[in-house]
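Descriptive analysis of the structure
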Amino acid sequence: MKLLYQTHSPYARKALVAAHEMGLADRLQVVHHETSPLARNDDVFALNPLGKVPVLIGDDGEVIFDSCVICEYLDALHDGAKLIPSDPERRYRALRHQAIATGTADAGIAVRWETERRPEAVRWAPLRNGQLQKIIAACDFLEAHLDHRKAIDIGDIALATALSWIEFRGVYAFQQARPRLSSWYTQFCARPSMLATTLHGNTVDTDAGSR
């Protein structure tokens with residue numbers, strides 16, 4: 001299988017961390033692709049009409065995109081403990097956390113646009129602040145609801161990779177004044193799957209430069 005990837009994408013990292021946790025990473029050929037709304041990547045668009053990574057090309061040639069769909073596809077390929085539980089209570093808790101993670105990453109990307117990526121003259125502080133409030137509220141929710149005792153699931157992976165991007169880009173210091181979330185995050189980041197997939201690189205918006 002081939003995974004079209006980006007070394008600084010929280011969504012791509014989520015898919016690769018999940019593959020490591022499932023024991024499937026050695027079956028993936030990981031190929032880095034730069035994608036940006038400002039710089040079209042024709043190779044990615046040829047596979048995903050949204051022009052985004054991650055994209056998974058299966059051994060049978062099937063093309064799958066969106067990290068949630070890729071993770072569910074991969075979870076059906078191994079015989080170990082499933083990252084998307086079948087038990088309804090555990091399943092919907094995991095999927096709820098995955099949804100929080102996706103929304104947090106989305107909000108973080110919006111904050112970064114209004115902080116540094118959009119030309120300064122057209123940045124909109126109220127939009128930045130509104131998106132930042134979503135991140136703050138999500139982190140407060142996690143501080144109150146994270147469970148350190150259970151086996152990891154897709155929600156944990158999604159949260160850890162989203163928060164790692166928030167930290168990587170300096171969007172918000174989420175560990176301050178949140179001891180439970182900070183402890184959980186520190187422990188999760190020590191997992192081999194996270195150590196093998198560290199974020200790095202800059203967003204390439206044009207052929208002339210990156211940020």
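Below or above, wherever it landed, is the structure these notes cover.

Definitions and limits used
- Each chain has its residues counted from 1, following the order in which its sequence is written.
- Per-residue local features are limited, in this predicted model, to residues with pLDDT of at least 70; the limit for side-chain atom pairs, both in listing and counting, is 80 or more; totals at the level of whole chains, interfaces and linings are taken over all residues.
- Side-chain measures were taken over the full set of non-hydrogen atoms in the model, leaving aside hydrogen atoms and water.
- Comment: elements are numbered from the N terminus, with helices defined as DSSP H or I runs of at least four residues and strands as E runs of at least two.
- As defined in this context, the radius of gyration uses C-alpha atoms, and a globule is described by 2.2 Å times the residue total to the power 0.38.
- Residue exposure (1.4 Å probe, protein chains only): buried if accessible area is under 20% of the type maximum, exposed if over 50%, otherwise partly exposed.
- Throughout, a residue-residue contact means that at least one pair of heavy atoms, one from each residue, lies within 4.5 Å.
- In this analysis a 1.4 Å probe is tested at points of a 1 Å grid over the protein atoms alone, and where it fits but cannot get out there is a cavity; an open set with protein on both sides within 12 Å along at least five of seven lines is a pocket; lining residues have an atom within 4 Å of a point.
- Grid points are joined across faces, edges and corners, and a volume is the space filled by probe spheres set on the points.
- Residue polarity follows a fixed list, in which Ala, Val, Leu, Ile, Met, Phe, Trp, Tyr, Cys and Pro are nonpolar, Asp, Glu, Lys and Arg are charged, and the others, Gly among them, are polar.
- Axis definition: a line fitted to C-alpha atoms, over the contacting stretch in the case of helices. Angles run 0 to 180 degrees between N-to-C directions.
- Angle categories: roughly parallel below 35 degrees, roughly antiparallel above 145, roughly perpendicular from 65 to 115, and oblique for all the rest.
- Distance and chemistry together define a polar contact, namely a pair of N or O atoms within 3.5 Å, with one atom able to donate a hydrogen and the other to accept it when in protein, and with adjacent residues in sequence counting only for side-chain atoms on both sides.
- Think of a nonpolar core as a cluster: buried Ala, Val, Leu, Ile, Met, Phe, Trp, Tyr and Cys residues, connected wherever their side-chain atoms sit within 4.5 Å.

1. Section: the overall build of the protein
For the protein, the helix and strand inventory stands at eight helices and six strands. For the protein, the N- to C-terminal ordering of α and β elements is β-α-β-α-β-β-α-α-α-α-α-α-β-β. Rg of the C-alpha trace for the protein: 17 Å, near the compact-globule value of 17 Å for 211 residues, within the 12% margin. Seen through its C-alpha atoms, the protein measures out along the principal axes to roughly 55 × 45 × 25 Å. When burial is assessed residue by residue, the protein has 46% of its 211 residues classed as buried. Taking the contacts inside the protein whose residues are at least 6 apart along the sequence as the reference set, 69% of them involve residues at least 24 apart.

2. Points about the layout of surface pockets
In this model, the largest pocket occupies a volume close to 790 Å³. Along its surface, the largest pocket is lined by 30 residues, and Y11, T35, K52, V53 and I109 are the ones closest to its centre. Going through the elements one at a time, α1 (10-22), α3 (67-75) and α4 (88-117) are the ones with two or more residues in the lining of the largest pocket. The element contributing the most residues to the lining of the largest pocket is α4, with six residues. Residue classes in the lining of the largest pocket are distributed as 14 nonpolar, 10 polar and six charged.

3. Re the packing of helix α5 (residues 125-145) against helix α7 (residues 179-189)
For the pair α5 and α7, the least separation of the axes is 7 Å and the interaxial angle reads 85°. Between α5 and α7, the interaxial angle falls into the category roughly perpendicular. Packed against α5, whose contacting residues are C139, L142, E143, A144 and H145, the element α7 presents P179, R180 and L181 at the interface. Residue composition of the contact of α5 with α7, grouped by class: five nonpolar, one polar and two charged.

4. Concerning the side chain of N41
Positionally, N41 belongs in the loop between β2 (29-32) and α2 (42-45). Overall, N41 belongs to the buried group, its relative accessible area being 13%. A distance of 3.3 Å separates polar atoms of two side chains, one belonging to N41 and the other to H33. Within the structure, the side chain of N41 is placed 3.0 Å from the backbone nitrogen of D43, a separation counted as a polar contact. Here N41 is in contact with H33, E34 and T35, once residues within four sequence places are set aside.

5. Focus: the nonpolar core
Across soluble globular proteins, nonpolar side chains show a tendency to be buried alongside one another. One finds L56, L74, I135, Y172, F174, L181 and W184 to be the most contacted residues of the largest nonpolar core, which totals 50 residues. Taken together, the elements giving at least two residues each to this core come down to β1 (2-5), α1, α3, α4, α5, α6 (154-168) and α7. Among the elements that make up this core, the one with the highest residue count is α6 (nine residues).

Bear in mind that shape data such as this cannot, by itself, settle questions of function.
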